[in-house]
Amino acid sequence: GAVVSQHPSWVICKSGTSVKIECRSLDFQATTMFWYRQFPKQSLMLMATSNEGSKATYEQGVEKDKFLINHASLTLSTLTVTSAHPEDSSFYICSARKTGTRQETQYFGPGTRLLVL
Amino acid sequence: LAKTTQPISMDSYEGQEVNITCSHNNIATNDYITWYQQFPSQGPRFIIQGYKTKVTNEVASLFIPADRKSSTLSLPRVSLSDTAVYYCLVGDTGGRRALTFGSGTRLQVQP
């Protein structure tokens, strides 16, 4: 199988606080993970690419100092939303690229619902 | 990355076969075609992936013509639980870039 987990599944926080979201590939190693954000009734928007052992690559318009990404191992990437504000409320989804086969496939986590009050 | 075009929405009834077509006119030689299913408040679920001709698994079939400028996801005998958004993505999965999501097709299955 190819299972990706996220923790927490939902979080409510006060404005100005920081929130950390974990993304784990449970049964495979992933040198590359991706973070997406999805607003209601919209499609997924790529935020950044997380590479194990190196700095993340952020998409245009995504503040790297606000959305801190760490990919410290081949099975774990974390996204920290710093000084969260209500407009950061969204559904955050990670994915991990499963390597080792001829065509690499992205597998997605279940998502994390963030509500900033 | 090749841009994809899908119908915004489709309606069907239980037991029918549903075919969702995706256009990707600018697909590159190294690109694969991948389809995902997403339910509300859940992450996308991998359905099927292919490069050319026909691919079949336990849940769906994927038809890709010789020019690869389009693909069709076929869901046999849909049920109410197949109501979801279906995304067609095209990309060089052998590379390091993420898959880019289009608007997807919202499939509504009626009883």
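In what follows, the structure referred to is the one given above.
Residues numbered from 1 in each chain as written. Chains lettered and ligands numbered in written order. Predicted model: local features only at pLDDT ≥ 70, side-chain atom pairs only at ≥ 80, totals over all residues. Heavy atoms only, no water.

K.L.:
Explain the overall build of chain B to me, using residue names and the numbers behind them.
P.N.:
The helix and strand tally for chain B stands at zero helices and nine strands. Along the chain direction, N to C, the helices and strands of chain B fall in the order β-β-β-β-β-β-β-β-β. A compact globule built from 111 residues should have a C-alpha radius of gyration of about 13 Å, and chain B, at 13 Å, falls within 12% of that. With the C-alpha coordinates of chain B rotated into their principal frame, the extents come out at 40 × 30 × 25 Å. Here the analysis covers contacts within chain B between residues at least 6 apart in sequence; of these, 56% occur between residues at least 24 apart. For chain B, the exposed area adds up to about 5,600 Å²; of that, 49% sits on carbon and sulfur atoms. A gap of 8 Å separates the mean positions of the 10 positive and 8 negative side-chain charges of chain B. (Helix = DSSP H or I, 4+ residues; strand = E, 2+ residues; numbered from the N terminus. Rg over C-alpha atoms; globule rule 2.2 N^0.38 Å. Contact = heavy atoms within 4.5 Å. Areas by Shrake-Rupley, 256 points an atom, 1.4 Å probe, with all protein chains shown as cover. Lys, Arg positive; Asp, Glu negative; His and termini not counted. Charge placed at Lys NZ, Arg CZ, Asp CG, Glu CD.)

K.L.:
Any chance you could break down the environment of B:Asp31 for me, citing the residues and the numbers?
P.N.:
Residues and elements named next belong to chain B. Position of Asp31 relative to the elements: it lies in the loop between strand S2 (18-23) and strand S3 (32-38). The spacing of Asp31 and Gln16 is 15 residues in sequence and 31 Å in space, taken between C-alpha atoms. A polar atom in the side chain of Asp31 sits 2.8 Å from the backbone nitrogen of Ala28. (Polar contact = N/O pair within 3.5 Å; in protein donor to acceptor, adjacent residues only side chain to side chain.)

K.L.:
How would you explain the pattern of salt bridges if you had to name every residue and give the values?
P.N.:
Residue and element names in this part refer to chain A. Inspection of the entire model under this criterion finds two salt bridges over all chains. With a shortest N-O distance of 3.4 Å, Glu22 and Arg24 are connected by a salt bridge. The class for Glu22 is partly exposed, based on a relative accessible area of 24%. Lys66 is the salt-bridge partner of Asp88, the closest N and O atoms lying 2.8 Å from each other. You can see Asp88 sitting in the loop between strand S8 (76-81) and strand S9 (90-98) and its partner Lys66 sitting in the loop between strand S6 (57-58) and strand S7 (67-73), a full 22 residues away along the chain. Residue Lys66 is classed as buried on the basis of its relative accessible area, which comes to 13%. (Salt bridge = Lys/Arg side-chain N within 4 Å of Asp/Glu carboxyl O. Buried < 20%, exposed > 50% of the residue type's maximum accessible area, 1.4 Å probe, protein only.)

K.L.:
Just give me the short version of the state of the cysteines, but keep the residues and values in it.
P.N.:
Note on terminology: a disulfide is the covalent bond linking the sulfur atoms of two cysteines. All names here are of chain A. Summed over the entire model, instances satisfying the criterion amount to two disulfides over all chains. The side chain of Cys23 participates in a disulfide bridge whose partner is Cys94; the two sulfur atoms lie 2.0 Å from each other. Its S-S torsion of about 80 degrees marks the bond between Cys23 and Cys94 as right-handed, since a negative value means left-handed. With a gap of 71 residues between them, Cys23 in strand S3 (residues 19-25) and Cys94 in strand S9 connect regions that are remote in the sequence. In this structure Cys23 comes out as buried when scored by relative accessible area, which is 0%. (Disulfide = S-S within 2.5 Å.)

K.L.:
Account for the sheet that holds strand S8 (residues 84-91) of chain B, with residues named and values stated.
P.N.:
All names here are of chain B. Strands sit in the order S1-S9-S8-S3-S4 across an open sheet of five strands; the sheet is mixed. Bordering the open sheet on either side are strand S1 (9-13) and strand S4 (45-50), each of which pairs with just one other strand. Averaged over neighbouring strand pairs, the angle between their axes works out to 25 degrees when direction is ignored. The pairing of S3 with S4 spans five bridges and is classified as antiparallel. (Pairing = 2+ DSSP bridges. Axes fitted to C-alpha atoms, helices over the stretch in contact; angles between N-to-C directions.)

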